[in-house]
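Notes for the structure review
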Amino acid sequence: MCQPQVVAAYPITPQTHIIERLAQHVADGELKAEFINAESEFGAASIVLGAVAAGARSFTATASQGLLLMTEVLYNIAGLRLPVVMVCANRAVGAPINIFSDHQDSMSVRDAGWVQLYVETNQEAVDTLIQAYRIAEACGLPVMVCMDGFLLTHTFEPVDLPTQAMVDNFLPSFQFSRTLDPTRPMTLGGASEADNFQEYRAAQQSAMEDAAPVIEAFDAEFNEQFGRSHGGLLQPYQLDGAETVLLGMGSLMGAVCDVVDKLRDQGQAVGALRLRCFRPFPVQALVEHLGGAKRIIVLEKAISIGAGGIVAAELRAALHQAGIMTPVESVIGGLGGRDLTPDVIEALFQESSINEVGTTFQFAPDHVSLPQKNMEATNNG
Amino acid sequence: MDNRDSFRHNVLTSGHRACSGCGEAMAARMVSDLIGPDAIYINATGCLQVFTTHNQQSAWQAPWIHSVFANAAAVASGVEAALRIKGKSTPVVVQAGDGGTFDIGLQCLSGMIERGHDVLFVCYDNEAYMNTGVQRSGSTPHAVRTSTSPPGQFSQGKKEIKKDVISIIAAHNMPYAATATIAYFPDLKAKVEKAMRIKGPRFLQILSPCPLGWVHDSALSVSVARLAVETGLFPLVELEHGELTGVMRLAEQKPVEEYLRPQGRFKHLFANKAGAVELRHLQALADARIHRYGLLDADTQWDTETAMQSERNGRGGYWEEREHG
Ligand code: SF4
């Protein structure tokens, strides 16, 4: 659809059939691209780095250990301001080794300088990739499209594939202004010292800030052309009059919205907010959507060990800065593929999970009787 | 205007920040001038990258990119793939030191060769991590003093022998792999030109003395490189698809001592008996290479069987100590 000219990847569960299918498209001549099965994820990321620097739209996909193996190159791609697009098929990070889904992998590279968009459905994955190239190329930033491993990557659901003409109309062909080209020789990636290094970082930060309205605008434009919006930065659900807001990222929000429906039917003033764009962290939009809430529960599938919930901590900082002192209940769950069932989510709503003084978060219960379930059992489960 | 250099491409201009007498700077100037500005250069992290692109200044008059230390060959793979799909034939050249080739960069290099990318990979081999202050690498020869292989009561410098990287590269069914030095420019020129005529992955290992790390007079860089060849320690060879297709033969062999004496990195070997043992090992290693590549008509004056055993052992002759208890 997006017509990448170079696809480089190293196989890792649960990303494999994304790249297997692309290899087949290339083999069948449906996609005119160089397909490169690299010698490692580190190599794959480096190959797309080189390809984009040479002016070719490129694609890679990975997960988990593979994403961490790429880490050095991820920072480098962002620092070189190369518009690379990749899919992270979100998976837990070992040890213990675990192939199932959580967000630890992409959250661990949140500071690398990549835009991060977390999708809820396979349709959104398709649509977001198309938007991702447009965002990357317009902002000069790499974009990571994060989709839950297995929950999305291995789930079949009907997807409306737009026509090539529609995609071409939305996504102009790739014209890179800093291409490696002997007719306009340029030095990319030279050394920098204390007298200008910080300016490079400041430029990345401001490009990231500028990306937020661009992400919103492209989603709106996408909606006009394709008839589907995914919310841009945030996707609110039943927020009107909601006193309690459940906030999370990715595919778990489907179950959250079901719970919201059920609770609304019971007359509870509850809504949900899906954080689609984690980087740039949409401070302004979050404050606008959450300013009226009396209770906020953040449910997230990654942990900063030694600190707690990452989204919750950033949200607290954002609200605090805006003078909003609504308590943010931080819950971590769904790690390593554990189910976050509607029952569990409902329990979070029913039982106050206000973190006691001295703690900043708690783990999600793995069944509804939270009070009876002690933390030790959760850990060992 | 200064026109002294106007006959050259000056892909790598003067005014960069290399140490005086830097073999790598000389080698890079020769290579990039032979290839010219109509190419894309990918550099691994290292001295060459640092001294040519300092703080928003660049000594390169060709498109040049540096990403990280280990990935130059993979970046080049991506650049080459992009050019191929766009139907362009701009040559792609990687430049890396021995760290970026023998050690941290070997995996990406192996992948690049195995996938058959049309890239020339040039290793400027100065036999240690010079940019970080002269630590041992897989390329550091036996018995060399580096800051992480220091001589001491229980050490005569680096225990292990230099990694035979050219054989590793050639074993990839490599279209072209060759060694060269800054001391024999016509040989280097012929090899660069030959490499540029061949399609597919190509590899050049260029011995590039480093006055700072080798601790020799900076005026001696070229003669030290020449002695490395004349003693047999650094054979000049060409391998095509794994087969040896060319060697620079020696009229006569010089004793390794002539090569070792001017270099402070071997100074400890001349201080005591233990050092003298290592001198014999180094001589044996030179003999083994002469024998292996047939650099001389006759066998060397030193015992070749001992020499071969010394190399086979892979530890620069430490077998001898073990045998003697
Ligand atoms: S340390 Fe050695 S390789 Fe590095 S610039 Fe100086 S002489 Fe050249």
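Residues numbered from 1 in each chain as written. Chains lettered and ligands numbered in written order. Predicted model: local features only at pLDDT ≥ 70, side-chain atom pairs only at ≥ 80, totals over all residues. Heavy atoms only, no water.

1. Description of the side chain of Arg134(A)
Residues and elements named next belong to chain A. Heads up, the condition is: Runs of H or I in DSSP of at least four residues are treated as helices and runs of E of at least two as strands, each being numbered from the N terminus. Definition of a polar contact: a pair of N or O atoms within 3.5 Å, with one able to donate and the other able to accept a hydrogen when the atoms are protein atoms, and with sequence-neighbouring residues admitted only if both atoms are side-chain atoms. Contacts are residue-level and defined by heavy atoms, with any inter-residue pair within 4.5 Å sufficient.
Along the polypeptide, Arg 134 turns up in helix H6 (residues 122-139). There is a polar contact of 3.1 Å between the side chain of Arg 134 and the side chain of Glu 221. Look past the residues within four positions of Arg 134 in its chain and what remains in contact with it is Phe 170, Leu 171, Pro 172, Phe 218 and Glu 221.

2. Brief notes about the sheet that holds strand S10 (residues 270-275) of chain A
Residue and element names in this part refer to chain A. Threshold: For two strands to count as paired, DSSP must find a minimum of two bridges between them.
The sheet built from six strands is open, its strands ordered S8-S10-S9-S12-S13-S14 with mixed pairing. The open sheet has two edge strands, strand S8 (234-237) and strand S14 (362-363), and neither has a second partner. Relative to S14, strand S13 (residues 328-332) is paired through two bridges, and the arrangement is parallel. Opposite Val 331, over in S14, you have Gln 362 as the bridge partner.

3. Here we look at the pairing of strand S12 (residues 295-300) of chain A
All names here are of chain A. For the record, the criterion: Only protein chains enter the accessibility calculation, which uses a 1.4 Å probe; a residue whose area is less than 20% of its type maximum is buried, one above 50% is exposed, and one in between is partly exposed.
In terms of burial, S12 is largely enclosed, as six of its six residues are buried. A two-sided burial pattern is seen for S12, the buried positions comprising Arg 295, Ile 297 and Leu 299 on one face and Ile 296, Val 298 and Glu 300 on the other. One ladder, built from four bridges, connects strand S9 (residues 244-248) with S12; its direction is parallel. Its bridge partner lying in S12, Val 245 is registered against Ile 296. As paired strands, S12 and S13 are joined by five bridges and run parallel to one another. From the neighbouring strand, Glu 300 faces S13, where its bridge partner is Ile 332.

4. Considerations on the packing of aromatic side chains
Keep this limit in mind: We call Phe, Tyr and Trp rings a pair once their centres come within 6.5 Å, taking the six-membered ring for Trp, and we label the pair stacked below 30 degrees between planes, edge-to-face above 60, and tilted otherwise. Comment: the charge-over-ring label is applied if NZ (Lys) or CZ (Arg) is within 6 Å of the ring centre and within 35 degrees of the ring normal.
Inspection of the entire model under this criterion finds 14 aromatic pairs over all chains. With 4.0 Å between their ring centres and 10° between their planes, Phe222(A) and Phe226(A) make a pair best called stacked. Of this pair, Phe222(A) and Phe226(A) both sit in helix H8 (residues 197-226), four residues apart, which is roughly one turn of that helix. For the pair Phe222(A) and Phe226(A), one class covers both residues: buried. Judged by centre distance (5.8 Å) and plane angle (80°), the ring pair of Phe278(A) and Phe281(A) falls under edge-to-face. Judged by relative accessible area, Phe278(A) falls into the buried class, the value being 0%. By way of ring pairs, the aromatic residues Phe170(A), Phe218(A), Phe222(A) and Phe226(A) are connected into one cluster. One Lys or Arg, Arg134(A), reaches over the ring of Phe218(A) and ends 4.0 Å from the middle of that ring. The ring of Trp214(B) is capped by Arg265(B), whose NZ or CZ atom sits 3.8 Å from the centre of that ring.

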